[in-house]
Amino acid sequence: ALKKTQWFGIKWDPNRSRVDMVATTHGLISSMLWKCVADVESELPENKDDLDHELLRYIDKISSLYEAHPFHSWEHACQVVLSASFLVKEYHKTKDEIGSKTGIDSNPFVR
């Protein structure tokens, strides 16, 4: 089973290892990915576990390419993913709350 990671359950500990950050980032991205796939298709692909494993390997590879910089680091990239996933979650929550009557779907900034 895939680990479901929720935005509000993440605490960014400065001592968190790269492996832990890879796992958490993977959890956020994969949960958003499979939610989007489920919204568009009636059923998930048969090779979902294989695809999810490839996504984990891809994120792990990206994390290993970062050099030790004070700002543009792997930790910063994880914080960007965390912020972006929060914004996507809030957008969907707002869209569900106010409905499509307001024309929110026609706004190019939220499509």
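Residues numbered from 1 in each chain as written. Predicted model: local features only at pLDDT ≥ 70, side-chain atom pairs only at ≥ 80, totals over all residues. Heavy atoms only, no water.

Draft legend 1. Expanded view of the packing of aromatic side chains. Within this structure, the stated rule accounts for 1 aromatic pair. Look at Y66 and W74: their rings are 5.9 Å apart centre to centre, the planes differ by 50°, and that puts the pair in the tilted class. Judged by relative accessible area, which is 36%, Y66 ranks as partly exposed. Taking relative accessible area as the criterion, W74 reaches 11% and is therefore assigned buried. (Phe/Tyr/Trp six-rings, centres within 6.5 Å; stacked < 30°, edge-to-face > 60°. Buried < 20%, exposed > 50% of the residue type's maximum accessible area, 1.4 Å probe, protein only.)

Draft legend 2. Highlighting the confidence of the model for the protein chain. Taken as a whole, the protein chain shows an average pLDDT of 76; of its residues, 72% reach a score of 70 or greater. Per-element averaging of pLDDT across the protein chain places helix α3 (residues 74–98) at the bottom with 79 and helix α2 (residues 48–65) at the top with 91. (pLDDT = per-residue confidence, 0-100. Helix = DSSP H or I, 4+ residues; strand = E, 2+ residues; numbered from the N terminus.)

Draft legend 3. Main features of the side chain of S85. Checked against the element boundaries, S85 lands in helix α3. A polar atom in the side chain of S85 sits 2.9 Å from the backbone oxygen of L82. (Polar contact = N/O pair within 3.5 Å; in protein donor to acceptor, adjacent residues only side chain to side chain.)

Draft legend 4. Expanded view of the environment of A84. Structurally, A84 is set in helix α3. Spatially, the C-alpha atom of A84 lies 10.0 Å from that of L28, the residues being 56 residues apart in sequence.

Draft legend 5. The environment of M21, seen in detail. Within the secondary structure, M21 sits in helix α1 (residues 18–40). Considering only alpha carbons, one finds M21 and W74, 53 residues apart in sequence, at a separation of 8.5 Å.

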